[in-house]
Amino acid sequence: MARAGLTAERLTRAGAELADEVGFDQVTVSELARRFDVKVASLYSHVRNSEDLKTRIALLALEELADRGAAALAGRAGHDALTALADVYRDYARAHPGRYAAAQYRLGPEAAAASAGGRHSAMTRAILRGYDLTEPDQTHAVRLLGSVFHGYVSLELAGGFSHSAPDSQESWTRILDALDSLLRNWPTP
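Let me sum up the structure you'll find in this document. (Residues numbered from 1 in each chain as written. Predicted model: local features only at pLDDT ≥ 70, side-chain atom pairs only at ≥ 80, totals over all residues. Heavy atoms only, no water.)

## So, the overall build of the protein
Logical step 1: When helices and strands are counted, the protein shows nine helices and zero strands.
Logical step 2: Ordered by position in the sequence, the α and β elements of the protein form the string α-α-α-α-α-α-α-α-α.
Logical step 3: By residue count, 42% of the 189 residues in the protein fall in the buried class.
Logical step 4: A separation of at least 24 residues holds for 71% of the contacts in the protein among residues at least 6 apart in sequence.
Logical step 5: With an accessible surface of roughly 10,300 Å², the protein has 51% of that area assigned to carbon and sulfur atoms.
Logical step 6: Taking the 21 positively charged and 24 negatively charged side chains of the protein as two groups, their mean positions are separated by 5 Å. (Helix = DSSP H or I, 4+ residues; strand = E, 2+ residues; numbered from the N terminus. Buried < 20%, exposed > 50% of the residue type's maximum accessible area, 1.4 Å probe, protein only. Contact = heavy atoms within 4.5 Å. Areas by Shrake-Rupley, 256 points an atom, 1.4 Å probe, with all protein chains shown as cover. Lys, Arg positive; Asp, Glu negative; His and termini not counted. Charge placed at Lys NZ, Arg CZ, Asp CG, Glu CD.)

Structure below.
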């Protein structure tokens, strides 16, 4: 019989907290069992294995990010919307580095289809409507923004910008301004 109070949701949230503390790569069912002071076998009625646990954490992180992004984008357009969404990703990564890493976890086709990943794409495309981009340029721009947001945040989290001037916030602001300018003046083929 499973220990009272343990549910898949509770284990997922505890796994997400663990990811923020020790890193997403270090999250396992065994480590989670130690946190709850239970035998590993008692968790298997709630999660199948460590991959299932990581998938659940990734889904949670994607949902949290999508909710924050939607709230930040409400009533904004153009540069303001671009900055708001970019800041959501950056702020979330700083506050929840393990969950942020989980949001990058490669999901299987079924999990990906059921995830909030589509909401992320829709939010980015909503921003791009303010720049009057059509396909296929809109898809190119979605990929560009994702690459810049996630690349910058990942490098910053790894300490890549902590040893030189100017401050990384100044660079972040300039990069977002440059992206806005690029999107307003998207090159034609």
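## Re the nonpolar core
Logical step 1: Grouped together as the largest cluster of nonpolar side chains are 56 residues, with contacts concentrated most on Leu 32, Leu 43, Leu 82, Leu 128, Phe 149 and Leu 183.
Logical step 2: Looking at this core, the elements that each hand over two or more residues are helix H1 (8-22), helix H2 (29-36), helix H3 (50-73), helix H4 (78-95), helix H5 (97-103), helix H7 (117-129), helix H8 (137-157) and helix H9 (168-184).
Logical step 3: Of all the elements, H3 adds the most residues to this core, at 10 residues.
Logical step 4: What Leu 128 contacts, discounting residues up to four positions off in sequence, is Leu 133, Gln 138, Ala 141, Val 142, Leu 145 and Leu 183. (Core = buried A, V, L, I, M, F, W, Y, C linked by side-chain atoms within 4.5 Å.)

## A short note on the packing of H4 against H9
Logical step 1: Running from N to C, H4 and H9 cross one another at 140 degrees; their axes reach a closest spacing of 10 Å. The handedness of the crossing between H4 and H9 comes out as right-handed. Between H4 and H9, the residues in contact are Gly 78, His 79, Leu 82, Thr 83, Ala 86, Asp 87, Arg 90 and Arg 94 and Ser 168, Gln 169, Trp 172, Leu 176, Asp 177, Leu 179, Asp 180 and Leu 183, respectively.
Logical step 2: Its residues assigned to classes, the contact of H4 with H9 comprises six nonpolar, five polar and five charged. (Axes fitted to C-alpha atoms, helices over the stretch in contact; angles between N-to-C directions. Left-handed = near helix turned anticlockwise from the far one by under 90°. Nonpolar A, V, L, I, M, F, W, Y, C, P; charged D, E, K, R; others polar.)

## Some points on unusual backbone geometry
When glycine is set aside, most residues are seen to have a negative phi, and most peptide bonds are trans.
Logical step 1: In the segment running from Glu 135 into Pro 136, the intervening peptide bond is cis, with an omega of 0 degrees.
Logical step 2: Counting through the fold element by element, Pro 136 comes out in the loop between H7 and H8.
Logical step 3: Ala 165 connects to Pro 166 through a cis peptide bond whose omega is 0 degrees.
Logical step 4: The topology assignment puts Pro 166 in the loop between H8 and H9.
Logical step 5: The backbone of Asp 37 shows a phi angle near 55 degrees, a positive value even though the residue is not glycine.

## Here's the deal with H7
Logical step 1: With 13 residues, H7 extends 19 Å between its outermost C-alpha atoms, agreeing within 8% with the 18 Å of an ideal straight helix rising 1.5 Å per residue.
Logical step 2: If you check which residues of H7 are buried, you get His 120, Met 123, Thr 124, Ile 127 and Leu 128. End-on, the buried residues of H7 take up no more than an arc of 140 degrees, which puts them together on one face. Facing away from the buried side of H7, by more than 90 degrees, are the exposed residues Gly 118 and Arg 129.
Logical step 3: In the core, the buried residues of H7 are packed alongside H3, H4, H8 and H9. (Expected span 1.5 Å × (residues − 1). Arc of directions from axis to C-beta.)

## Section: H3
Logical step 1: Between its terminal C-alpha atoms H3 stretches 34 Å, which fits the 34 Å expected from 24 residues at 1.5 Å a residue.
Logical step 2: Among the residues of H3, the N-terminal cap falls to Asn 49, whose side-chain oxygen and the backbone nitrogen of Glu 51 are separated by 3.1 Å.
Logical step 3: Just past H3, the residue Gly 75 takes up positive phi, approximately 75 degrees. (Polar contact = N/O pair within 3.5 Å; in protein donor to acceptor, adjacent residues only side chain to side chain.)

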